[in-house]
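Structure at a glance
Listed below are the residues making up each chain.
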Amino acid sequence: MARTLYDKLWDSHVVRSEKDGTALLYIDRHLVHEVTSPQAFEGLRLAGRQPWRKDSVVATPDHNVPTTGQSGGIAGIADSVARTQVETLDANVKEFGMTYFPMNDVRQGIVHVIGPEQGATLPGMTVVCGDSHTSTHGAFGALAHGIGTSEVEHVLATQCLLQKKMKNMLVSVDGEVGAGVTAKDIVLAIIGKIGTAGGNGSAIEFGGTAIQALSIEGRMTVCNMAIEAGARAGMVAVDAKTIDYFKGRPFAPKGAQWDAAVEAWSDLHSDEGAHFDEVVHLDAASIEPQVTWGTSPEMVVAVSTRVPNPADETDSVKAGGMQRALDYMGLKAGTPITDISVDKVFIGSCTNSRIEDMRAAATVVKGKRVADNIKLALAVPGSGLVKKQAEEEGLDRIFVEAGFEWREPGCSMCLAMNDDRLEPEERCASTSNRNFEGRQGQASRTHLVSPAMAAAAAIAGHFVDVRSI
Amino acid sequence: MDRFEKLDAIVAPLDRANVDTDAIIPKQFLKSIKRSGFGPNAFDEWRYLDHGEPGMDNSQRPVNPDFVLNLPRYAGAEVLLARDNFGCGSSREHAPWALLDQGFKVIIAPSFADIFFNNCFKNGILPIVLSAEKVDQLFRETEASEGYQLIVDLEAQAITTPSGETIAFDVDSFRKHCLMNGLDDIGLTLQHVDDIKAYEEKRAIEAPWLFA
């Protein structure tokens, strides 16, 4: 029978099934960070349990780490509450003997950047992490999703998750995107079309020629934001680019095992005629660079348009939400997007902090200066290795010469758990994934954009169509 | 986890769609390494007029009188009435921890975000999905009558309104069983140790690189 990619990944990981469809699903890779794991390790200890497979865990601190002065290590974290959390991760992984990339290790970084970078997350795997953006790893034909802390403990103790199968949804982006339109614009356009609850209860496979044309990094950006469309898991079929990406990575198989793996991975695509419960089509050529205007990722429009008017919305709950978002964002309906000026610019996060993102932003700012009204422009690479490569390519100098700060790796201003944050009512062009109220700091105003669009906003001081410069 | 008991409790209405887990418990409180104590900071940015940080004495902070959950008529509410896609965004389990600590044992909405929905069951909270029309009706009734209570009977899978109307709801049978009995599902999974080991042996032959 013809199966989808999700069907295949599911079938190959079911340990046992109950009559009601509840299954025990085996987990191959468990990524761990400091924020959602301490209570899970504590629970394990209180119950006198040992981790089932220590070698399945890869841990790193990312959410809380400062992006300056990392050479001081954990002791250099000024915030004592954050420091305790990183120290707790440090102690837990050492107690149980797990693979760990601590602060100051060049392999440290955002957990969703370092997993693929190390080849620690691979095609065909089930991957979990106590972080909703685990969907990122679906970009190379893995079944990857975020879990809560109780499930972190469950996976540590049993190597399994209790799951019911999700529905199959296909989002097909067909045709070719125009110049200046990136993976970020594609996924924002998808969320704008299906809404933040559009993928609830589903695993989304992203397909179509525009997705196939993306690099693995671009596919990671798309899958990263599957959760913003409501889907715990997003995925893309394996192709030659996927295989090339993993060849030679530290944790990737070698020799005969590599050959066997490549052969197995070649089946990681939906079969011809496989059944999807829902199919959504987007025309790639019609996608323009996107900018969010509100407090939910579905509140998004093309840069060439205007802030929408709640009066045009017929659903009263939605209209109320739009008005509340406009009030919070300090925006008036009908304002051209390009008239919105920004205070800060953030290039980073698990959505857009890989080398390709740094290159895209650097290309825009090269030889220019950030506008006078920009209070802070941050470029935060996703890992120590991204930082190193960017520096080898001279990207750090391009950013610094343009007036950006070139920082050390971490989640940074995406969720502002460290000192990188917005002050109340400051407006940010951000390459991250969430524009929720308070996300980047109390009363912060976030506009989600691609790295090139964020860079262009830094130079212009307001949003600008990157295709026009 | 405590057993889920039948309850007869005050209902609080939160009339917004897409309430995200950043709103339910803001990031600065995630630095805690404990599971408890998040209640006073549930909906922190909406609930107080100042900026909250861990370690503050919340009883001394200025309260936002306009935030619905601060209205005296909803004090002691154990049922939260919400709109579509409640709990979207971050997977932080601190969100259900905060809601439970605040006293909520039942959340009723037309839809929930998947990870949050799942996290509720792991902590003894019952999330109930009802049709948008039924949720609308409950919003109207709750707002119209002070002291509005609902009886939530998980065993019978039924909600009873003050007028005696009974509203049936669906719940996954396994999750119901775990909630009714306060079961730790790690213990249940560990009853299948032999199955997990057998899977690993078979898988290690098929895909040895996963065990290297």
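To be clear, the structure that these remarks concern was listed above.
Let me begin by describing the structure that accompanies this report. No experiment lies behind these values; they were computed from the predicted model shown. (Residues numbered from 1 in each chain as written. Chains lettered and ligands numbered in written order. Predicted model: local features only at pLDDT ≥ 70, side-chain atom pairs only at ≥ 80, totals over all residues. Heavy atoms only, no water.)

1. Observations regarding the overall build of chain A
- Counting its secondary structure elements, chain A contains 15 helices and 19 strands.
- For chain A, the C-alpha radius of gyration of 21 Å lies close to 23 Å, the compact-globule estimate for 469 residues.
- Dimensions along the principal axes, computed over C-alpha positions, put chain A at roughly 55 × 55 × 45 Å.
- Burial statistics for chain A: of 469 residues in total, 66% are counted as buried.
- Put simply, chain A shows about 15,200 Å² of open surface, and 49% of that area lies on carbon and sulfur atoms.
- Taking the average location of the 44 positive side-chain charges in chain A and that of its 59 negative ones, the two points are 2 Å from each other. (Helix = DSSP H or I, 4+ residues; strand = E, 2+ residues; numbered from the N terminus. Rg over C-alpha atoms; globule rule 2.2 N^0.38 Å. Buried < 20%, exposed > 50% of the residue type's maximum accessible area, 1.4 Å probe, protein only. Areas by Shrake-Rupley, 256 points an atom, 1.4 Å probe, with all protein chains shown as cover. Lys, Arg positive; Asp, Glu negative; His and termini not counted. Charge placed at Lys NZ, Arg CZ, Asp CG, Glu CD.)

2. Focus: the packing of aromatic side chains
- Counted under the stated rule, the structure contains 19 aromatic pairs over all chains.
- Consider the rings of Phe-140 of chain A and Phe-246 of chain A, whose centres lie 4.8 Å apart with planes at 75 degrees: the pair is edge-to-face. Placement of the pair is Phe-140 of chain A in the loop between β6 (126–129) and β7 (143–146) and Phe-246 of chain A in helix α9 (residues 240–246), with a sequence separation of 106 residues. Each of the two residues, Phe-140 of chain A as well as Phe-246 of chain A, counts as buried.
- Here a set of aromatic residues connected by ring pairs shows up, and it is made of Phe-86, Phe-112, Phe-116, Phe-117 and Phe-121 of chain B.
- One residue, Arg-249 of chain A, lies across the ring of Tyr-245 of chain A, its end atom 3.9 Å from the ring centre.
- The residue whose ring lies beneath Arg-83 of chain B is Phe-139 of chain B, and the NZ or CZ to ring-centre distance is 4.0 Å. (Phe/Tyr/Trp six-rings, centres within 6.5 Å; stacked < 30°, edge-to-face > 60°. Lys NZ or Arg CZ within 6 Å of the ring centre and 35° of its normal.)

3. Here's the deal with the interface of chain B and chain A
- Between chain B and chain A, the residue contacts involve 58 residues of the former and 78 residues of the latter.
- Between chain B and chain A lies a buried interface of about 5,300 Å² when both sides are counted; carbon and sulfur atoms form 55% of it.
- Contact with chain A buries surface across chain B, with Lys-27, Lys-31 and Trp-209 of chain B losing the most and accounting together for 15% of the total.
- Between chain B and chain A we count seven salt bridges in total.
- Between Asp-184 of chain B and Arg-49 of chain A there is a salt bridge whose closest N-O contact spans 3.5 Å.
- Taken together, the links from chain B to chain A amount to 35 residue pairs in polar contact (both at pLDDT 80 or more). (Contact = heavy atoms within 4.5 Å. Buried area = accessible area lost by both parts, 1.4 Å probe. Salt bridge = Lys/Arg side-chain N within 4 Å of Asp/Glu carboxyl O. Polar contact = N/O pair within 3.5 Å; in protein donor to acceptor, adjacent residues only side chain to side chain.)

4. With respect to the sheet that holds strand β11 (residues 233–235) of chain A
Residues and elements named next belong to chain A.
- Pairing within the open sheet is parallel, and its four strands lie in the order β11-β10-β9-β12. Sheet topology places β11 and β12 (278–283) at the edges, where each strand pairs with a single neighbour. Taken over all neighbouring pairs, the strand axes of this sheet differ in orientation by 20 degrees on average, direction set aside.
- Pairing of strand β10 (residues 202–207) with β11, which is carried by three bridges, proceeds in the parallel orientation. Paired with Ile-204 across the two strands is Gly-234, which belongs to β11.
- The sheet strands contacting helix α6 (residues 183–194) are β9 (167–174), β10 and β12, and the helix crosses β12 at an angle near 125 degrees. (Pairing = 2+ DSSP bridges. Axes fitted to C-alpha atoms, helices over the stretch in contact; angles between N-to-C directions.)

5. What to know about the packing of helix α12 (residues 355–365) of chain A against helix α15 (residues 451–460) of chain A
Residues and elements named next belong to chain A.
- It is the contact of α12 with α15, at a shortest axis distance of 8 Å, that shows an interaxial angle of 30 degrees. By the angle class used here, α12 and α15 are roughly parallel. Where α12 crosses over α15, the handedness of that crossing is right-handed. Here α12 contributes Asp-357, Ala-360, Ala-361, Val-364 and Val-365 to the contact with α15, which in turn contributes Pro-451, Ala-452, Ala-455, Ala-456 and Ile-459.
- Broken down by class, the residue content of the contact of α12 with α15 amounts to nine nonpolar, no polar and one charged. (Parallel < 35°, antiparallel > 145°, perpendicular 65-115°, else oblique. Left-handed = near helix turned anticlockwise from the far one by under 90°. Nonpolar A, V, L, I, M, F, W, Y, C, P; charged D, E, K, R; others polar.)

6. Observations regarding empty space enclosed by the protein
All names here are of chain A.
- Using the criterion set out here, one finds five cavities of 30 Å³ or more in the structure.
- Lining of the largest cavity is provided by 23 residues; of these, His-63, Asp-131, His-133, Leu-415 and Arg-439 occupy positions nearest its centre.
- When its residues are assigned to classes, the lining of the largest cavity shows eight nonpolar, 10 polar and five charged.
- Looking at the second largest cavity, its volume works out to about 60 Å³.
- When grouped by side-chain class, the residues that make up the lining of the second largest cavity number five nonpolar, five polar and one charged. (1 Å grid on protein atoms, 1.4 Å probe; cavity = no way out; pocket = protein on both sides within 12 Å on 5 of 7 lines; lining within 4 Å. Points joined across faces, edges and corners; volume = space filled by probe spheres on them.)

7. As for the side chain of Gln-28 of chain B
All names here are of chain B.
- In this fold, Gln-28 is placed in the loop between α1 (21–24) and α2 (44–47).
- One polar contact links the side chain of Gln-28 to the main-chain carbonyl oxygen of Gly-52, over a distance of 2.8 Å.
- If we ignore the near neighbours within four places in the chain, the residues touching Gln-28 are His-51, Gly-52, Glu-53 and Pro-54.

8. So, the sheet that holds strand β4 (residues 126–129) of chain B
Residue and element names in this part refer to chain B.
- Taken in spatial order, the seven strands line up as β4-β3-β2-β1-β5-β6-β7 in an open sheet, and their pairing is mixed. Single-partner strands in this sheet number two, and they are β4 and β7 (166–168). For this sheet, the mean inter-axis angle between neighbouring strands, taken without regard to orientation, is 30 degrees.

9. Notes on the layout of surface pockets
- Taken as a whole, the largest pocket holds about 1,500 Å³ of empty space.
- Every residue lining the largest pocket is counted, 47 residues in all, and those nearest its centre are Phe-117, Asn-118, Phe-121, Lys-122 and Arg-175 of chain B.
- Elements with a minimum of two residues in the lining of the largest pocket: α5 (149–158) and β8 (160–163) of chain A together with α3 (94–102), α4 (114–121), β4, α6 (173–181) and α7 (185–189) of chain B.
- In terms of residue count, the dominant contributor to the lining of the largest pocket is α4 of chain B (four residues).
- Of the residues in the lining of the largest pocket, the class split is 17 nonpolar, 10 polar and 20 charged.
- Taken as a whole, the second largest pocket holds about 850 Å³ of empty space.
- Around the second largest pocket, the lining is made up of 38 residues, and of these Glu-298, Met-299 and Lys-318 of chain A together with Ala-17 and Asn-18 of chain B lie nearest the centre.
- Of all elements in the fold, only α6, β14 (300–302) and α11 (316–329) of chain A together with α5 (132–144) of chain B reach the threshold of two or more residues within the lining of the second largest pocket.
- In terms of residue count, α11 of chain A provides more of the lining of the second largest pocket than any other element does, six residues in total.

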